[in-house]
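# Observations on the three-dimensional arrangement
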Amino acid sequence: MLPTVAYIHRGLFHSCAGLSVRMTSSGIGQKGILANRVAVVTGSTDGIGFAIARRLARDGALVVVSSRKQQNVDRAVAALQGEGLSVVGTVCHVGKAEDRERLVATVVEHCGGLDFLVCSAGVNPLVGSTLGASEQVWDKILEVNVKAPALMLSQLVPHMEKRGRGAVVLVSSISAYVPRVELGPYNISKTALLSLTRTLSLELAPKGIRVNCLVPGVIKTDFSKSEIIDMCSVLLLSRIGQPEDCAGLVSFLCSPDASYITGENIAVAGFSSRL
Ligand SMILES: NC(=O)c1ccc[n+]([C@@H]2O[C@H](COP(=O)([O-])OP(=O)(O)OC[C@H]3O[C@@H](n4cnc5c(N)ncnc54)[C@H](O)[C@@H]3O)[C@@H](O)[C@H]2O)c1
């Protein structure tokens with residue numbers, strides 16, 4: 001099936017070679033702390049990724065929205081477009097090389113480059129014993145949660161580098177600090193992201209690219225439905241987090257206000273694992 005790309009800029013509609021390109025008056029160039037910047041957010045048709053995409057677009061960036069299914073991409077793009085925001089949408093299962101390549105092509109062809117990458121796509125196909133996890137489960141979790149952000153970045157860094165600056169935000173989990181026994185491989189994948197953040201911050205600093213990590217606690221999304229009840233007891237702030245609680249931090253980490261911050265893992269969890 002041919003991919004569909006929806007692009008919002010200056011009230012026009014284009015269609016070519018499998019791409020559906022829609023344009024409205026709120027294109028790049030709008031005001032905001034992230035104006036004239038381009039952001040890719042993976043796993044951004046729902047939950048935390050969607051809230052991040054919306055916030056970055058509200059703060060002025062042109063945002064590439066993506067996830068696994070065309071219908072979800074279309075729905076998310078339509079919702080953000082309805083708010084007058086600048087959005088490009090394309091299907092990207094982050095674990096598939098051909099999908100990552102298509103995302104890169106979208107960035108190059110329709111956005112002219114890239115400033116920010118936010119890796120929010122994540123999976124947890126297992127609730128059960130760590131040692132009982134099959135090789136297939138290990139492969140899927142590590143492929144989507146750990147390998148995919150690194151591989152995606154290796155393809156996108158050259159485009160950030162051309163601009164002489166950039167910011168990357170990986171999305172870990174508080175389960176990296178406070179492991180939950182029934183989520184073993186997931187905990188481990190999210191702990192690896194803390195290290196990936198620090199390692200890449202060293203590697204990419206000479207290119208002017210900062211790398212930080214959002215560490216969400218229990219945030220109200222489809223992903224966390226089963227966790228909400230039993231995590232409530234540890235929350236200092238007496239409420240479940242909302243996706244928007246994460247989005248503000250990501251916008252800050254992408255903004256010039258964070259230009260001297262890199263290699264940090266920052267929890268948005270309603271409590272601190274250090275207390
Ligand atoms: N919700 C929480 O309580 C919580 C806590 C800690 C960490 N996180 C992390 O936050 C991130 C987002 O979770 P959420 O709660 O918003 O989940 P969600 O289920 O609400 O949204 C996940 C999004 O990712 C997309 N997605 C899933 N697998 C994908 C893949 N292989 N390729 C591309 N897109 C994919 C989905 O289509 C969806 O758009 C995940 O990395 C998750 O591990 C969530």
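Residues numbered from 1 in each chain as written. Predicted model: local features only at pLDDT ≥ 70, side-chain atom pairs only at ≥ 80, totals over all residues. Heavy atoms only, no water.

### Description of helix α7 (residues 243-254)
- Relative to the 16 Å expected for 12 residues at 1.5 Å per residue, α7 spans 17 Å between its end C-alpha atoms, a close match to the ideal helical length.
- Turning to α7, the residues buried within the fold contact α1 (47-58), β7 (116-119), β8 (166-171), β9 (209-216) and β10 (265-268). (Helix = DSSP H or I, 4+ residues; strand = E, 2+ residues; numbered from the N terminus. Expected span 1.5 Å × (residues − 1). Contact = heavy atoms within 4.5 Å.)

### Quick word on the pattern of salt bridges
- Under the defined criterion, the tally for this structure stands at 10 salt bridges.
- A salt bridge links Arg58 to Glu83, with the nearest nitrogen and oxygen atoms 3.1 Å apart. A residue pair is termed long-range when its members are at least 10 positions apart, and Arg58 in helix α1 and Glu83 in the loop between α2 (70-82) and β6 (87-91) qualify at 25 residues.
- Connected through shared salt-bridge partners, Arg54, Arg58 and Glu83 make up one network. (Salt bridge = Lys/Arg side-chain N within 4 Å of Asp/Glu carboxyl O.)

### Topic: the site of the ligand
- With respect to spatial proximity, 28 residues lie near the ligand, and among them Ile48, Ser120, Tyr186, Ile219 and Thr221 are the closest.
- Taking Ile219, its main chain carries an N or O atom lying 2.8 Å from an oxygen atom of the ligand.
- Thr221 is positioned with one of its side-chain polar atoms (N or O) 2.5 Å from an oxygen atom of the ligand.
- Here the ligand has 830 Å² of accessible area as a free molecule, and 94% of this is covered by the chains.
- Put simply, the ligand lies in the largest pocket.
- For the shell around the ligand, the secondary-structure elements that each account for two or more residues are α1 and α5 (184-204).
- In the shell around the ligand, the residues fall into 12 nonpolar, 12 polar and four charged. (Near = heavy atom within 4 Å. Polar contact = N/O pair within 3.5 Å; in protein donor to acceptor, adjacent residues only side chain to side chain. Areas by Shrake-Rupley, 256 points an atom, 1.4 Å probe, with all protein chains shown as cover. 1 Å grid on protein atoms, 1.4 Å probe; cavity = no way out; pocket = protein on both sides within 12 Å on 5 of 7 lines; lining within 4 Å. Sits in = over half its atoms within 2 Å of the grid points. Nonpolar A, V, L, I, M, F, W, Y, C, P; charged D, E, K, R; others polar.)

### Comments concerning the confidence of the model for the protein chain
- Summarising the model, the protein chain shows a mean pLDDT of 88, and 85% of its residues fall at 70 or more.
- Within the model, the stretch residues 1-29 combines pLDDT values under 50 with 83 contacts to residues more than four positions away or in other chains.
- What the predictor reports for the complex is a pTM of 0.91 with an ipTM of 0.98. (pLDDT = per-residue confidence, 0-100.)

### Quick word on empty space enclosed by the protein
- Summed over all chains, the structure comprises one cavity of 30 Å³ or more.
- Reported here for the largest cavity is a volume of approximately 30 Å³.
- Along the walls of the largest cavity sit Thr42, Val94, Cys119, Ala121, Val144, Ala148, Pro149 and Met152, which together make up its complete lining.
- Ranked by the residues each element gives to the lining of the largest cavity, the list is headed by helix α4 (residues 135-161), at four residues. (Points joined across faces, edges and corners; volume = space filled by probe spheres on them.)

### Details of the packing of aromatic side chains
- One pass over the full model with this rule turns up one aromatic pair.
- With 5.8 Å between their ring centres and 45 degrees between their planes, Tyr186 and Phe223 make a pair best called tilted. A residue pair is termed long-range when its members are at least 10 positions apart, and Tyr186 in helix α5 and Phe223 in the loop between β9 and α6 (228-231) qualify at 37 residues.
- Residue class for Tyr186 comes out buried when judged on its relative accessible area of 6%. (Phe/Tyr/Trp six-rings, centres within 6.5 Å; stacked < 30°, edge-to-face > 60°. Buried < 20%, exposed > 50% of the residue type's maximum accessible area, 1.4 Å probe, protein only.)

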